[in-house]
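Examining the three-dimensional arrangement
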Amino acid sequence: MYLATILPTTTMPAVLFSLMLLGALCSLGQAMSREERHRLRNQVVEMFDHAYQNYMDHAYPADELMPLTCRGRVRGLEPSRGDVDDALGKFSLTLIDTLDTLVLLNKTTEFEAAVRRVLSDVRLDNDIVVSVFETNIRVLGGLLGGHSMAVMLKEGGQHMQWYQDELLHMAKDLGFRLLPAFNTSSGLPYPRVNLKFGVRGPETRTGTETDTCTACAGTIILEFAALSRFTGEPVFEAHARRALDFLWEKRQRNSNLVGTTINIHSGEWVRRDSGVGAGIDSYYEYLLKAYILLGDDVFLQRFNIHYASIMKYISQPPLLLDVHIHKPLLPARTWMDSLLAFFPGLQVLKGDIRPAIETHEMLYQVTKKHNFLPEAFTTDFRVHWAQHPLRPEFAESTYFLYKATGDPYYLEAGRTILDNLNRFARVPCGFAAMKDVRTGSHEDRMDSFFLAEMFKYLFLLFADAEDLPFDVEDYVFTTEAHLLPLSLSTGPHSSSVPSNRTSKEELDDSNFDWTCPNTRLLFPDPAYPRNLREPIRSAVDKSCPRPAPYREPGMGHPPLRAQDFMANNPEHLELLRRMGVSLIHLKDGRVQLVQHATQAVSAVAAEDGVRFMQDMMELSSQQQKEQLPPRAIQIVSHPFFGRVVLTAGPAQFGIDLSKSSTGLRGFATVAEPYSGCSEITNAEYVQGHIALLQRGQCMFAEKARHIQKAGAIGGIVIDDNEGSSSDTAPLFQMAGDGRSTDDITMPLLFLFHKEGNILLEALKEYREVEVLLSDKARDRGVDVQEVEEDCLTEATTPTSFEPIGQSQMSTLEVDELAPEQVTPSQQEVSPVEQDTSPAEEVTPPEEEAGPAEAVRPPEEEATEADLTRPKEERDSEDRGEPQGDTDSSSQSVDELLADWREDLEAFQQMEKDEL
């Protein structure tokens with residue numbers, strides 16, 4: 001088996017690091033044949049070609065490819081995505097990030113052409129504000145990795161004979177452009193820098209920030225030290241060491257943990273939660289890898305002290321849960337983000353194999369539930385944030401665990417990653433990020449790290465040593481998987497800023513524990529890894545609890561329960577009146593509940609009214625924790641072949657698509673009348689088809705009955721509020737009409753206006769459009785296959801909720817409510833001055849409908865559930881809005897697809913900390 005071996009020494013100037021072949025002790029599963037591994041290796045190369053060639057054909061020289069619309073993402077020309085766009089600097093990011101991947105995959109000719117393009121086309125003096133962290137790991141790291149590969153090839157005597165360190169000169173230029181960010185009293189860099197003007201002065205448009213993430217300041221040393229040792233300029237390594245020294249000094253001394261966000265001037269922790277995921281992850285990674293690359297014991301000593309605290313407080317195998325640095329026994333949150341998936345790989349380098357196997361297995365089981373690892377998931381393995389931007393961390397850990405164990409189980413895990421990328425993320429112009437892993441809907445996004453990291457680790461997983469153009473064990477991977485040669489440990493390094501050496505009492509032998517693991521202890525019997533995985537697999541499979549609604553002990557129940565209340569039920573309205581609760585229809589489609597204790601028919605009824613209001617608030621809070629997942633409408637006919645997936649809202653009646661393994665497939669047609677509020681006049685066309693309807697004028701259940709009577713096999717209701725989109729408004733669950741809906745035996749889904757127009761325009765351009773209604777997208781371009789039901793898709797992230805104070809008058813604003821799901825929208829405490837007729841419909845402008853609140857006409861009952869991601873605190877620029885309001889009905893399908901805007905606000909803080 002392969003095992004990580006790190007040899008600590010205080011006498012050797014360099015460090016020996018290798019993943020050594022110690023001999024196959026056993027066979028821990030059905031071995032994959034050499035032919036199958038080679039087939040998968042070749043498949044990795046084909047997939048890389050598909051992504052890289054589409055970037056070069058459709059996006060270059062732009063920074064990134066937009067794979068749904070087949071064009072480049074140019075900062076300033078596309079709507080702003082906030083901090084995410086700070087990675088883009090108009091320097092052909094994807095090409096630079098991919099340079100050393102080309103060499104590893106034996107594409108030497110393409111590498112030479114790419115280097116020439118970089119040298120001739122890329123400018124680094126752009127007047128643009130970029131992330132110091134992202135530019136360092138992606139661009140500076142990419143240039144250094146490319147330089148390392150160019151030197152290696154030149155020394156081979158066959159390629160790059162013309163190369164004269166041009167990439168290194170560019171890297172040095174970029175390094176000097178990043179240096180102004182380090183001009184702080186603490187040595188911690190500003191999070192952003194202007195490539196042309198630095199950080200000082202109004203023309204820089206930066207330099208006013210006060211906070212940065214720990215990883216942002218602590219993930220500099222590999223690239224800056226390599227730059228110093230390649231060029232002989234000590235200033236870069238000196239600044240990187242100073243930043244690391246400051247972070248080490250500011251660790252919490254009792255717990256030896258660091259927080260997530262720090263003030264770059266005072267050194268005070270702004271966010272005191274500590275984990276191994278977003279905001280901190282690569283700080284720990286770079287401490288260990290700085291020791292490996294540079295041979296400086298101080299980095300290993302610090303890493304081991306941190307690691308001991310991580311294993312004591314954060315690690316709860318197989319979970320890794322954030323804690324508070326001052327109270328490390330107190331959990332800081334109940335969910336994990338996907339960036340921590342790198343940690344098992346780091347544990348392999350550390351030599352601590354057992355927890356690496358356990359955590360990786362947990363991540364693998366969650367991945368198999370959703371096809372991809374959700375951006376965040378809860379401790380009971382439910383989806384917390386449903387996005388997946390094709391992150392490579394899980395593939396990275398899979399590769400390192402295979403190297404450490406030789407267990408073919410990890411080859412199968414790699415096969416799963418490959419298959420899911422091809423089945424669910426592959427599109428004609430590349431690979432598209434997943435907007436929602438539950439439905440399979442896409443984002444128009446293919447980040448540069450997908451090419452820089454994902455294909456490296458997958459190729460190495462399946463390749464033989466003879467397939468590689470060089471020995472990867474002569475290099476260390478940066479956090480962006482760029483390759484830096486271990487020979488740099490003997491190069492000239494900085495002495496201008498002495499390291500803050502670890503105190504003598506911390507320099508004991510225990511700080512080197514596990515750096516040379518005893519394989520006999522790690523693998524006492526042949527089934528060791530499998531025995532570790534089995535209980536974790538079972539735990540993930542069985543973790544789908546459904547907590548019962550909370551009830552205060554001993555509290556009585558009002559005559560009407562909140563979960564039974566319907567806004568159009570006369571008996572319910574009468575009960576409310578007797579309890580002093582009045583219902584008022586607001587102009588934006590919501591209804592407001594107001595309780596006047598003095599208007600109740602008796603003191604007992606007033607108490608019932610108070611309990612009803614409390615019950616309603618309690619139900620709202622509970623439902624925010626158990627919200628409904630969206631459904632998917634997939635266009636499966638030519639020329640779409642399943643590549644277009646629209647996010648849809650479900651109904652409380654009809655067939656539950658989450659209980660169907662195949663979904664419903666059929667051709668779409670527009671019903672007449674379009675409202676569906678009277679008998680269908682084109683029944684001959686609707687029969688056997690999925691009918692398209694417009695929202696408004698009657699209840700959803702009434703529409704369903706009319707098209708079902710006409711012979712439809714399903715229905716899709718399209719919002720009549722022009723410009724509405726699931727990107728900016730929460731989906732809601734369509735409710736019944738107050739009477740039994742058992743007679744409705746077909747599925748009905750809801751689309752917002754923009755998504756609905758995608759379908760309508762497809763119907764205009766192509767005579768026959770076949771769609772698949774399901775709980776999540778099926779394989780692209782192939783027949784629908786049975787998919788395992790997934791209880792993990794039953795939870796999403798709650799919207800914000802503020803308790804309502806109680807007084808003689810209680811006010812509660814809610815949407816019109818349904819018996820099964822009652823979820824108030826934004827809740828406000830405000831007196832009501834006038835009544836609004838239920839028949840009156842006033843549709844406010846689109847910009848007034850915020851992401852936490854859906855606007856709909858009051859004559860339709862629906863239960864709103866926020867199916868978007870949570871909005872975290874952010875100090876970034878506001879997300880830009882498209883200029884102008886065009887008539888989307890006149891746009892082509894491609895233009896409408898181009899109109900899709902990435903819904904990234906919920907990930908703003910995490911994307912700011914770490915991509």
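Analysis parameters
- Residues numbered from 1 in each chain as written.
- Predicted model: local features only at pLDDT ≥ 70, side-chain atom pairs only at ≥ 80, totals over all residues.
- Heavy atoms only, no water.
- Helix = DSSP H or I, 4+ residues; strand = E, 2+ residues; numbered from the N terminus.
- Buried < 20%, exposed > 50% of the residue type's maximum accessible area, 1.4 Å probe, protein only.
- Contact = heavy atoms within 4.5 Å.
- Areas by Shrake-Rupley, 256 points an atom, 1.4 Å probe, with all protein chains shown as cover.
- Disulfide = S-S within 2.5 Å.
- pLDDT = per-residue confidence, 0-100.
- Salt bridge = Lys/Arg side-chain N within 4 Å of Asp/Glu carboxyl O.
- Pairing = 2+ DSSP bridges.
- Axes fitted to C-alpha atoms, helices over the stretch in contact; angles between N-to-C directions.
- Phe/Tyr/Trp six-rings, centres within 6.5 Å; stacked < 30°, edge-to-face > 60°.
- Core = buried A, V, L, I, M, F, W, Y, C linked by side-chain atoms within 4.5 Å.
- Parallel < 35°, antiparallel > 145°, perpendicular 65-115°, else oblique.
- Left-handed = near helix turned anticlockwise from the far one by under 90°.
- Nonpolar A, V, L, I, M, F, W, Y, C, P; charged D, E, K, R; others polar.
- Expected span 1.5 Å × (residues − 1).
- Polar contact = N/O pair within 3.5 Å; in protein donor to acceptor, adjacent residues only side chain to side chain.

A closer look at the overall build of the protein
Secondary structure summary: the protein contains 24 helices and 34 strands in total. Within the protein, buried positions represent 65% of all 915 residues. In the protein, the proportion of contacts linking residues at least 24 apart, taken out of those at least 6 apart, comes to 75%. For the protein, the accessible surface area stands at approximately 33000 Å², while carbon and sulfur atoms represent 49% of it.

Re the state of the cysteines
Scanning all chains against the criterion turns up three disulfides. What pairs with Cys-213 in a disulfide is Cys-216, and their sulfur atoms sit 2.1 Å apart. For the disulfide bridge between Cys-213 and Cys-216, the dihedral angle about the S-S bond is near 90°, and by the sign convention the bridge is right-handed. Exposure class is identical for Cys-213 and Cys-216. Each is buried. In this model Cys-677 forms its disulfide with Cys-698; the gap between the sulfur atoms is 2.0 Å. Measuring handedness by torsion sign, the sulfur bridge of Cys-677 and Cys-698 sits at about -85° and is left-handed. On the criterion of sequence distance, the pair formed by Cys-677 in the loop between β27 (664-670) and α20 (683-686) and Cys-698 in the loop between β28 (690-694) and α21 (700-709) is long-range, its members being 21 residues apart. Across the pair, exposure class does not vary: Cys-677 and Cys-698 are buried alike.

As for the confidence of the model for the protein
When pLDDT is averaged across the protein, the result is 79; 73% of the residues are at 70 or more. Within the model, pLDDT remains below 50 along residues 895-915, and this stretch shows 106 contacts once partners closer than five positions in the same chain are excluded.

Regarding the pattern of salt bridges
On inspection of all chains with the given rule, the structure shows 46 salt bridges. For Glu-112, the salt bridge identified is with Arg-116, shortest N-O distance 3.9 Å. Of this pair, Glu-112 and Arg-116 both sit in helix α3 (residues 108-121), four residues apart, which is roughly one turn of the helix. Judged by its relative accessible area of 17%, Glu-112 falls in the buried class. The partner of Arg-631 in a salt bridge is Asp-656, with the nearest N and O atoms 3.3 Å apart. Note that Arg-631 is positioned in strand β25 (residues 631-635) and Asp-656 in the loop between β26 (644-648) and β27, a separation of 25 residues in sequence. Within this structure, Glu-64, Arg-81, Asp-85, Glu-134 and Arg-138 form a network of salt bridges that share partners.

Focus: the sheet that holds strand β7 (residues 211-213)
Pairing is antiparallel across the open sheet formed by three strands, whose spatial order is β7-β8-β9. Each of the sheet's edge strands pairs with one partner strand only, and the pair in question is β7 and β9 (269-271). Within this sheet the neighbouring strands show an average axis-to-axis angle of 35°, counted without direction. Pairing of β7 with strand β8 (residues 261-263), which is carried by three bridges, proceeds in the antiparallel orientation. The residue bridging Cys-213 from the neighbouring strand is Thr-261, located in β8.

Some words on the environment of Gln-697
Inspection of the secondary structure assignment puts Gln-697 in the loop between β28 and α21. Here Gln-697 falls in the exposed class, since its relative accessible area comes to 62%. Separated by 21 residues in the primary sequence, Gln-697 and Gly-676 place their C-alpha atoms 8.9 Å from one another.

Examining the packing of aromatic side chains
By the definition in use, this model includes 28 aromatic pairs. Plain terms: the ring middles of Phe-182 and Phe-224 are 5.4 Å apart, the flat faces sit at 45° to each other, and that makes the pair tilted. Placement of Phe-182 in the loop between α5 (166-178) and β6 (192-194) and of Phe-224 in helix α7 (residues 221-231) is noted, with a sequence separation of 42 residues between them. Each of the two residues, Phe-182 as well as Phe-224, counts as buried.

A short note on the nonpolar core
Within the largest apolar cluster, 176 residues are counted, with the highest numbers of intra-cluster contacts made by Phe-111, Tyr-284, Met-362, Leu-421 and Phe-431. The dominant element in this core, judged by the number of residues it contributes, is helix α4 (residues 132-156), at eleven residues.

Points about the side chain of Ser-255
Note that Ser-255 resides in the loop between α8 (235-249) and β8. Once residues within four sequence positions are removed from consideration, Ser-255 is found in contact with Ser-309, Tyr-313, Ile-325 and Pro-328.

Considerations on the packing of α8 against helix α9 (residues 281-294)
Their axes nearest at 12 Å, the elements α8 and α9 cross at an angle of 130°. Taken together, the axis directions place α8 and α9 in an arrangement best described as oblique. When you trace α8 past α9, the crossing you get is left-handed. Between α8 and α9, the contacting residues are Glu-237, Arg-241, Leu-244, Leu-247 and Trp-248 on the first element and Tyr-283, Leu-287 and Leu-294 on the second. Residues that form the contact of α8 with α9 fall into these classes: six nonpolar, no polar and two charged.

Quick word on the packing of α9 against helix α10 (residues 297-314)
At a closest axis distance of 8 Å, the pairing of α9 and α10 adopts a crossing angle of 150°. Once α9 is placed against α10, the crossing between them reads as left-handed. Taking contact as the criterion, the partners of Tyr-283, Tyr-284, Leu-287, Leu-288, Ala-290, Tyr-291 and Leu-294 in α9 are, on α10, Asp-297, Phe-299, Leu-300, Arg-302, Phe-303, His-306 and Ile-310. Looking at side-chain class alone, the contact of α9 with α10 contains eleven nonpolar, one polar and two charged residues.

Describing the sheet that holds strand β15 (residues 376-378)
Strand order in this open sheet of three strands is β14-β15-β16, and the pairing throughout is antiparallel. Edge strands, defined here as strands with exactly one partner in the open sheet, are β14 (335-337) and β16 (383-385). For this sheet, the mean angle separating the axes of adjacent strands, direction not counted, is 30°.

Remarks on the pairing of β25
In summary, the side chains of a regular strand alternate between the two faces of the sheet. Counting buried positions over the five residues of β25 gives five, a clear majority of the element. Side chains of β25 alternate between two faces, with Arg-631, Ile-633 and Ile-635 and Ala-632 and Gln-634 buried alike. By the bridge criterion, four bridges tie β25 to strand β32 (residues 770-774) in an arrangement that is antiparallel. Note that in β32 the partner of Gln-634 across the bridge is Leu-772.

A few points about unusual backbone geometry
Residues other than glycine predominantly adopt negative phi, and peptide bonds predominantly adopt the trans conformation. For the bond from Pro-317 to Pro-318, the omega torsion is 5°, close enough to zero to count as cis. Along the chain, the position of Pro-318 falls in the loop between β11 (315-316) and β12 (319-320). We note that Cys-70 has phi near 55°; this positive angle belongs to a residue other than glycine. Looking at where Cys-70 falls in the secondary structure, it is placed in the loop between β3 (64-66) and β4 (71-73). The phi dihedral of Gln-697 falls on the positive side, at around 75°, and the residue is not glycine.

Here's the deal with helix α22 (residues 753-765)
For the α-helix, the turn length of 3.6 residues means that residues three or four positions removed from each other point alike. Between its terminal C-alpha atoms α22 stretches 18 Å, which fits the 18 Å expected from 13 residues at 1.5 Å a residue. Summarising burial for α22: eleven of the 13 residues are buried, a large majority. Turning to α22, its buried residues are His-753, Lys-754, Glu-755, Gly-756, Asn-757, Ile-758, Leu-759, Leu-760, Glu-761, Ala-762 and Leu-763.

Quick notes on the side chain of Thr-184
With respect to the element layout, Thr-184 can be found in the loop between α5 and β6. Under the relative-accessibility criterion, Thr-184 is labelled buried at 8%. A distance of 2.7 Å separates the side chain of Thr-184 from the backbone oxygen of Leu-188, its partner in a polar contact. Once you skip the residues sitting within four places of it in the chain, Thr-184 turns out to touch Tyr-190, Arg-242 and Ile-264.

Some details on the environment of Arg-241
With respect to the element layout, Arg-241 can be found in helix α8. The buried category is assigned to Arg-241, whose relative accessible area is 5%. Along the backbone, Arg-241 and Gly-187 are 54 residues apart, and their C-alpha atoms lie at a distance of 9.1 Å. At 2.9 Å, the side chain of Arg-241 and the side chain of Asp-296 are in polar contact.

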